[in-house]
Amino acid sequence: HNAPSDAWCAVHGKVLSITDFAARHPGGDVILLASGRDATVLFETYHPRGVSDKLVEKLQIGVMKEGEIPPSYYSWDSEFYRTLKSRVVARLDELNLSRRGSLEIWIKAAILLIWFWYSLVQMYVSPFTNAIGWCISMGAAAAFVGTCIQHDGNHGAFAQAKWLNKMAGWTQE
């Protein structure tokens, strides 16, 4: 059950069928990365505001047997986790930033892509000694493209449109 056409995952010991839900998932089909595994950590860390119990019940198709999933070293019921989660949500609300496709993300993407492509062109047209510096610059730009544009796209935060998120997620392919 770890293929896009047959995707199940476990969350807090509940087995969820995410095959059909992937097309409607607000974060895009990145949810399919959880297929065939215990996705509790992903579920908890990507949804600080929580997920409707009704949705989880709708997706639930079973329960894991005792001992099938190794115990987690995370304590989702701890006072620390509840406090951390509430502070993260409060800070996000305080900043009042769009969750997807904000102007800041687009500006950052434009700067990074210009930096990358400019470095690449300079690497080819510069004398060897200068090209070494441009290679280093291009490598740094590529790292930022991956940790910013690709990361945001893969988490459905780069744009409102799913196809743009998918394109952003492919920037390092």
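Residues numbered from 1 in each chain as written. Predicted model: local features only at pLDDT ≥ 70, side-chain atom pairs only at ≥ 80, totals over all residues. Heavy atoms only, no water.

**Re the sheet that holds strand S1 (residues 2-3)**
The antiparallel open sheet is built from 4 strands, whose spatial order is S1-S2-S3-S4. Across the chains shown, the open sheet's two edge strands, defined by having one partner strand only, are S1 and strand S4 (60-63). As paired elements, S1 and strand S2 (residues 6-11) share 2 bridges and run antiparallel to each other. Directly across from alanine 3, in S2, lies its bridge partner aspartate 6. (Pairing = 2+ DSSP bridges. Helix = DSSP H or I, 4+ residues; strand = E, 2+ residues; numbered from the N terminus.)

**Structural notes on helix H3 (residues 79-95)**
Here H3 contains 17 residues, and its C-alpha end-to-end distance of 24 Å stays within 8% of the 24 Å for a straight helix at 1.5 Å per residue. Looking one or two places after H3, you find asparagine 96, whose phi comes out positive at around 50°. (Expected span 1.5 Å × (residues − 1).)

**Structural notes on the side chain of asparagine 165**
Structurally, asparagine 165 is set in helix H6 (residues 162-169). One polar contact links the side chain of asparagine 165 to the main-chain carbonyl oxygen of glycine 156, over a distance of 3.4 Å. Every residue in contact with asparagine 165, bar those within four places of it in the chain, is listed here: Asp152, Gly153, Asn154, Gly156, Ala157, Phe158 and Ala159. (Polar contact = N/O pair within 3.5 Å; in protein donor to acceptor, adjacent residues only side chain to side chain. Contact = heavy atoms within 4.5 Å.)

**Observations regarding the pairing of strand S3 (residues 14-17)**
Here 4 bridges tie S2 to S3, and the two strands are oriented antiparallel to one another. Each residue of the ladder has a partner; that of alanine 10, found in S3, is valine 15. Hairpin connection, S2 to S3: the antiparallel pair is bridged by 2 residues, and histidine 12 has positive phi, about 50°.

**Observations regarding the pattern of salt bridges**
Inspection of every chain in the model, using the stated rule, returns 6 salt bridges. Notably, a salt bridge pairs glutamate 44 with lysine 85, separated by 3.7 Å at the nearest N-O pair. Of the two residues, glutamate 44 sits in helix H1 (residues 40-46) while lysine 85 sits in helix H3, which places them 41 residues apart along the sequence. Relative accessible area serves as the criterion here: at 11%, glutamate 44 is assigned to the buried category. (Salt bridge = Lys/Arg side-chain N within 4 Å of Asp/Glu carboxyl O. Buried < 20%, exposed > 50% of the residue type's maximum accessible area, 1.4 Å probe, protein only.)

**Regarding the environment of glutamate 68**
Residue placement: glutamate 68 occurs in the loop between S4 and H3. Side-chain polar atoms of glutamate 68 contact the backbone nitrogen of lysine 65, separated by 2.8 Å.

**Points about the packing of helix H5 (residues 128-154) against H6**
Packing of H5 against H6 brings their axes to within 7 Å, and their N-to-C directions diverge by 140°. Taken together, the axes of H5 and H6 are oblique relative to one another. For H5 against H6, the interelement crossing comes out left-handed. Within the contact between the two elements, H5 uses Ile149, Gln150, Asp152, Gly153 and Asn154 and H6 uses Asn165, Ala168 and Gly169. Here the contact of H5 with H6 is built from residues that sort into 2 nonpolar, 5 polar and 1 charged. (Axes fitted to C-alpha atoms, helices over the stretch in contact; angles between N-to-C directions. Parallel < 35°, antiparallel > 145°, perpendicular 65-115°, else oblique. Left-handed = near helix turned anticlockwise from the far one by under 90°. Nonpolar A, V, L, I, M, F, W, Y, C, P; charged D, E, K, R; others polar.)

**A short note on unusual backbone geometry**
The backbone phi angle of histidine 12 is positive, close to 50°, even though this residue is not glycine. For histidine 12, the location among the structural elements is in the loop between S2 and S3. The exposure class of histidine 12 is partly exposed, given its relative accessible area of 39%.

**Focus: the layout of surface pockets**
Reported here for the largest pocket is a volume of approximately 1200 Å³. Around the largest pocket sit 41 residues that line it, and Tyr46, His47, Arg99, Arg100 and His155 are the ones nearest its centre. Of all elements in the fold, only S2, H1, helix H2 (53-59), H3, helix H4 (103-125) and H5 reach the threshold of two or more residues within the lining of the largest pocket. With 4 residues, the single largest contributor to the lining of the largest pocket is H1. (1 Å grid on protein atoms, 1.4 Å probe; cavity = no way out; pocket = protein on both sides within 12 Å on 5 of 7 lines; lining within 4 Å. Points joined across faces, edges and corners; volume = space filled by probe spheres on them.)

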